[in-house]
Amino acid sequence: AGVMRFSDDLKQEDPRTLLLLNELRDALAAGQLQLQYQPKVRLHDLRVFGVEALLRWQHPVNGTVSPADFIPLIERTQLMSEVTRHVLGMALEQCAAWERAGMALSMAVNLSTCSLLDPMLPSDVRRQLALAKVPPNRLALEITESAAMSDPGASMRTLRALSASGVQLSIDDYGTGYSSLAYLQDMPVEELKLDKSFIVNLLQFEASAAIVSSTIRLARKLRMRVVAEGVEDADTMVALRKMHCFAVQGYWLSPPVDAVALPGVILEIERRLRSAA
Ligand code: C2E
Ligand code: MG
Ligand code: MG
């Protein structure tokens, strides 16, 4: 096991953070880090074509801890790359199991900023794909704009290497950073995930609708598909379909669920959408 290296500012964190970090280390070994999966629905045929893997920490005392509460704490530590490897392993194993059960789903995994700067990541990903016998184009890696911008040279090298292996790349939380589509055009990216802040306001604010529809049009010209996250009601999905958005994800379709529940959830979503169509 690797040794945790705290960066200087982490050393000054309060003791509770350090305690949490130590607990997280044990949690990894004890199997308390599990994935849930949220379906992604293609709008042209209303089918579930893939899922996003979202990390959950089943803490024995505190209950389920959200990744938003612990990922930022481990970002700059050795533990982050261990968590990333663990997540990739679990997600690809699950992807292979669903494939054997007749469900060919694409699997999206979130990458943190520092994973993107890890020169070992591309070979690690290739090794894990081969181990799980999952075709590379079945894996999509989600990165945020700010991650890609933090060290453009280094992250571009990582992205190119991943893309050359056939892995799909996706820009997460698109619209919240400072990058322009013109800049992202130089990246080997197939998908933009419009941030949920635009989607939850789509029907209330004309500005959100304008941003969403123009992003979809421009992305299409740049041959990227757009996925809207945070779809919480039927009307928002209908509006996105009219704007020719590629796919949707959100509580209205399904919240993230455990692997065992997913096949039933997919059947339920597709039945519900067919009867509404
Ligand atoms: P994200 O990748 O943008 O994931 C979307 C978040 O929105 C998830 O929160 C999801 O549960 C939530 N969500 C889904 N549908 C809706 C909706 O309709 N409305 C609203 N308001 N929210 C919705 P979650 O699971 O708490 O994850 C938070 C963030 O933590 C993720 O944002 C991602 O950046 C990060 N994360 C999650 N899993 C991992 C992981 O395995 N590795 C890394 N590095 N980061 C992860
Ligand atoms: Mg994501
Ligand atoms: Mg997001």
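Described below are features of the structure shown in this document. Treat the numbers as computed from the prediction; the structure is a model and nothing was measured. (Residues numbered from 1 in each chain as written. Chains lettered and ligands numbered in written order. Predicted model: local features only at pLDDT ≥ 70, side-chain atom pairs only at ≥ 80, totals over all residues. Heavy atoms only, no water.)

### Observations regarding the coordination of the magnesium ion (ligand 3)
The protein atoms that coordinate the magnesium ion (ligand 3) are Asp172 (OD), Asp173 (OD), Glu229 (OE) and Glu229 (OE), at distances spanning 2.0 to 2.5 Å. The sequence pattern describing where the donors of the magnesium ion (ligand 3) fall on their chain is D-D-x55-E. In this structure, the magnesium ion (ligand 3) is positioned 4.3 Å from the magnesium ion (ligand 2), and both are ligated by Asp172. Here Asp172, found in strand β6 (residues 168–174), pairs with Glu229, found in strand β8 (residues 225–229); they are 57 residues apart in sequence, far enough to count as distant. Assigned by exposure class, Asp172 and Glu229 land together as buried. (Donors = N, O, S within 2.8 Å, 3.2 Å for Na, K, Ca; no water. Helix = DSSP H or I, 4+ residues; strand = E, 2+ residues; numbered from the N terminus. Buried < 20%, exposed > 50% of the residue type's maximum accessible area, 1.4 Å probe, protein only.)

### Description of the site of ligand 1
Around ligand 1, the surrounding shell holds 24 residues, and the nearest of these are Arg56, Asn110, Asp172, Glu232 and Tyr251. Gln38 is positioned with one of its side-chain polar atoms (N or O) 3.0 Å from a nitrogen atom of ligand 1. A distance of 3.1 Å separates an oxygen atom of ligand 1 from a polar atom in the side chain of Lys196. In the complex, 84% of the free accessible area of ligand 1, which totals 800 Å², lies under the protein chains. Going through the elements one at a time, β2 (47–59), α3 (67–74), α4 (78–100) and β6 are the ones with two or more residues in the shell around ligand 1. The greatest single-element share of the shell around ligand 1, amounting to 4 residues, is contributed by β2. Within the shell around ligand 1, the residues separate by chemical class into 10 nonpolar, 6 polar and 8 charged. (Near = heavy atom within 4 Å. Polar contact = N/O pair within 3.5 Å; in protein donor to acceptor, adjacent residues only side chain to side chain. Areas by Shrake-Rupley, 256 points an atom, 1.4 Å probe, with all protein chains shown as cover. Nonpolar A, V, L, I, M, F, W, Y, C, P; charged D, E, K, R; others polar.)

### Digging into the coordination of the magnesium ion (ligand 2)
Coordination of the magnesium ion (ligand 2) by the protein is provided by Glu52 (OE), Asn110 (OD1), Glu142 (OE) and Asp172 (OD), with metal-donor distances spanning 2.0 to 2.2 Å. In primary sequence terms, the donor set of the magnesium ion (ligand 2) follows E-x57-N-x31-E-x29-D. In this structure Glu52 comes out as buried when scored by relative accessible area, which is 5%. A relative accessible area of 7% places Asp172 in the buried class.

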